[in-house]
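Coordinate analysis (summary)
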Amino acid sequence: MMKILQIGKFYPIRGGVEKVMYDIMLGLSQRGVSCDMLCAAAEDEQPGVLSLNENARLIIMPALIKCAATMISPAMISTLRKIKDDYDVIHIHHPDPMACAALFFSGYKGKVLLHWHSDILKQKMMLKIYQPMQKWLIDRADLIIGTTPVYVSRSPFLQKVQSKVGYIPIGVDRIVPDGEVVRQIRRCYPGKRIVFSLGRLVEYKGYEYLIKAARYLTDDYVILIGGTGPLKEELQALIKEEGQENKVRLLGYVSDDELPHYFGACDLFCLSSIQKTEAFAIVQIEAMSAGKPVVATKIQDSGVSWVNDHTVSGFNVEPRNACAIAEAIETVLSDNQVYDRLVEGALERYDSLFTKEKMVDLCLSIYKKMLQ
């Protein structure tokens, strides 16, 4: 029986990379494949080994400090040196310099799968220091997979290794809203067409353009933005400045329990992101799984507009263009035939590409190929 070790950021789950790692681990283990996960403890997590089932363990190492979005955990290195020979494939999730360092100093000689979720974009000083190690990791990997074909084909760091590059789309469980809770949410906005968006209130999400789009929409639209972050007060001030208090609401933190019902209550999901930091946007496929069309942006070299197939599951518009966002929203929601076609397209695209089962299937086939 093959044994897989995934190495990446931290636990508990805080973002897309950790979610993908965790879901792959659980999915493989439920099929009888041994798959463990080595990571650092986030600030509020106790180190230790958690057995999730007979085939999956979370190996959570203490961290000394968080630096440049990386948990510094020397214990990951010493632990990997001890356990490395137990595994047939080590699956590294990038970007995470700590995971790379653990592999480098472990002396592991087996197969390595590098999962390239995104380039390092914001931490430019760290990239300068880390770049030689990153190059080593790229060369060391037997195979490299991204989450979309667009991102890995255009990454400047992967141009010389395209012969060993592929992709596995991220997969998620289907969103299943509760009908009564959905009706309760919709009753809060009677007669409104609901546009939903979700994410950290940070610059690259482009929420200022979604807020400004409200000025081009009639009063029978309402935009609901879920999430918290450092731009909350700035965005609330912009809503007031634009005179859109009745048309745009910041919902604050939306819990995992509440989230399916907002997807169910909305008529459309909007992703207004403006930078390549948004590499995939899992929220898009969550919306599709609930049968909701998506309006997203055509971010250069990102996979976002590949995930949302233009005119099939929704529409993609130029970033930083409030008018274009509003026009796309109106196009989707003002014509029942267009809307029904996009609903069907969103569901079909989710079913064909973005289920968790398909993600696990593809991972398993890649591991088998590597070990032939």
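Okay, so let's go over this structure. (Residues numbered from 1 in each chain as written. Predicted model: local features only at pLDDT ≥ 70, side-chain atom pairs only at ≥ 80, totals over all residues. Heavy atoms only, no water.)

1. Regarding the overall build of the protein
- Summing up its helical and strand segments, the protein has 14 helices and 16 strands in all.
- Its C-alpha radius of gyration of 21 Å places the protein within 12% of the 21 Å reference for a compact globule of 372 residues.
- For the protein, the spread of C-alpha atoms along the three principal axes comes to 65 × 40 × 40 Å.
- Buried residues in the protein amount to 58% of all 372 residues.
- Within the structure as shown, the protein displays about 16300 Å² of accessible surface, and the carbon and sulfur contribution to it stands at 50%.
- Looking at charge distribution, the protein has the averaged site of its 44 positive side-chain charges lying 6 Å from that of its 44 negative ones. (Helix = DSSP H or I, 4+ residues; strand = E, 2+ residues; numbered from the N terminus. Rg over C-alpha atoms; globule rule 2.2 N^0.38 Å. Buried < 20%, exposed > 50% of the residue type's maximum accessible area, 1.4 Å probe, protein only. Areas by Shrake-Rupley, 256 points an atom, 1.4 Å probe, with all protein chains shown as cover. Lys, Arg positive; Asp, Glu negative; His and termini not counted. Charge placed at Lys NZ, Arg CZ, Asp CG, Glu CD.)

2. Quick notes on the pairing of strand β7 (residues 89-94)
- Of all six residues making up β7, six are buried, and the element is well covered by its neighbours.
- Going residue by residue along β7, you find V89, H91 and H93 tucked away on one face and I90, I92 and H94 tucked away on the opposite face as well.
- As paired strands, β7 and strand β8 (residues 111-116) are joined by six bridges and run parallel to one another. Pairing of V89 across the sheet is with K111, part of β8.
- The β-α-β motif built from β7, the intervening helix α3 (residues 97-106) and the parallel element β8 has right-handed crossover chirality. (Pairing = 2+ DSSP bridges. Right-handed = clockwise from strand over helix to strand, strands pointing away.)

3. Remarks on the packing of aromatic side chains
- Counted under the stated rule, the structure contains ten aromatic pairs.
- Geometrically, the ring pair formed by F104 and F105 is edge-to-face, given 5.0 Å between the ring centres and 90° between the ring planes.
- Ring geometry for F280 and F354: centres 6.0 Å apart, planes at 85°, overall edge-to-face. With F280 in the loop between β14 (268-270) and α10 (282-289) and F354 in the loop between α13 (336-353) and α14 (356-370), the pair connects residues that are 74 residues apart, well separated along the chain.
- Site record: aromatic cluster; members linked through ring pairs are Y167, F280, W306 and F354.
- The lysine or arginine in question, K3, covers the ring of Y87, its NZ or CZ lying 5.4 Å from the ring centre.
- Across the ring face of Y151, the terminal group of K276 is positioned such that the distance to the ring centre comes to 4.6 Å. (Phe/Tyr/Trp six-rings, centres within 6.5 Å; stacked < 30°, edge-to-face > 60°. Lys NZ or Arg CZ within 6 Å of the ring centre and 35° of its normal.)

4. Regarding helix α12 (residues 322-333)
- For α12, spanning twelve residues, the distance from its first C-alpha to its last is 17 Å, which sits close to the expected 16 Å at 1.5 Å a residue.
- Three or more residues of α12 are buried, namely A322, A324, I325, A326, A328, I329, V332 and L333.
- For α12, the N-terminal cap is N321; the gap from its side-chain oxygen to the backbone nitrogen of C323 is 3.3 Å. (Expected span 1.5 Å × (residues − 1). Polar contact = N/O pair within 3.5 Å; in protein donor to acceptor, adjacent residues only side chain to side chain.)

5. Notes on the sheet that holds strand β13 (residues 248-252)
- Strand order in the open sheet formed by six strands is β13-β12-β11-β14-β15-β16, with parallel pairing between adjacent strands. Two strands lie at the open edges of the sheet, namely β13 and β16 (314-317), each paired on one side alone. On average, each strand axis in the sheet is tilted by 25° relative to the strand beside it, whichever way the strands run.
- Bridge count between strand β15 (residues 294-297) and β16: four bridges; the pairing is parallel. In the sheet register, T297 faces β16, and the bridge partner there is V317.
- Contacts from α10 reach β11 (193-198), β14 and β15, with the element oriented near 165° to β15. (Axes fitted to C-alpha atoms, helices over the stretch in contact; angles between N-to-C directions. Contact = heavy atoms within 4.5 Å.)

6. Considerations on the pattern of salt bridges
- Tallying each qualifying case throughout the model produces 20 salt bridges.
- K356 serves as the salt-bridge partner of D23, at 3.6 Å between the closest nitrogen and oxygen. A residue pair is termed long-range when its members are at least 10 positions apart, and D23 in helix α1 (residues 16-29) and K356 in helix α14 qualify at 333 residues. As far as the burial class goes, D23 and K356 line up, both buried.
- Its salt-bridge partner being D142, residue K111 comes within 3.9 Å of it at the nearest N-O pair. In this pair, K111 sits in strand β8 while D142 sits in the loop between α4 (124-140) and β9 (143-146), placing the two residues 31 residues apart along the sequence.
- Bridged by salt links that share partners, the residues K19, D23, D173 and K356 form one connected network. (Salt bridge = Lys/Arg side-chain N within 4 Å of Asp/Glu carboxyl O.)

7. A word on the environment of K232
- Here K232 lies in helix α8 (residues 232-241).
- For K232, a relative accessible area of 46% puts it in the partly exposed group.
- Along the chain, K232 and L268 lie 36 residues apart, while their C-alpha atoms are 22 Å from each other.
- For K232, the contacting residues outside a window of four places in its chain are L201 and L250.

8. Let's talk about a negative patch on the surface
- Together, D335, D340, E344 and E348 make up a region of like negative charge exposed at the surface.
- Relative to the elements of secondary structure, D335 occurs in the loop between α12 and α13. (Patch = residues over 30% accessible without salt bridge, like charges linked within 9 Å, V, L, I, M, F, W, Y side chains within 5 Å.)

9. Quick look at the side chain of N316
- Within the element layout of this structure, N316 appears in strand β16.
- Polar contacts involving the side chain of N316 include one to the main-chain carbonyl oxygen of S305, which spans 3.3 Å.
- For N316, the side chain forms a polar contact with the main-chain oxygen of N308, separated by 2.7 Å.
- Setting aside its immediate chain neighbours within four residues, N316 contacts A296, T297, K298, S305, N308, D309 and H310.

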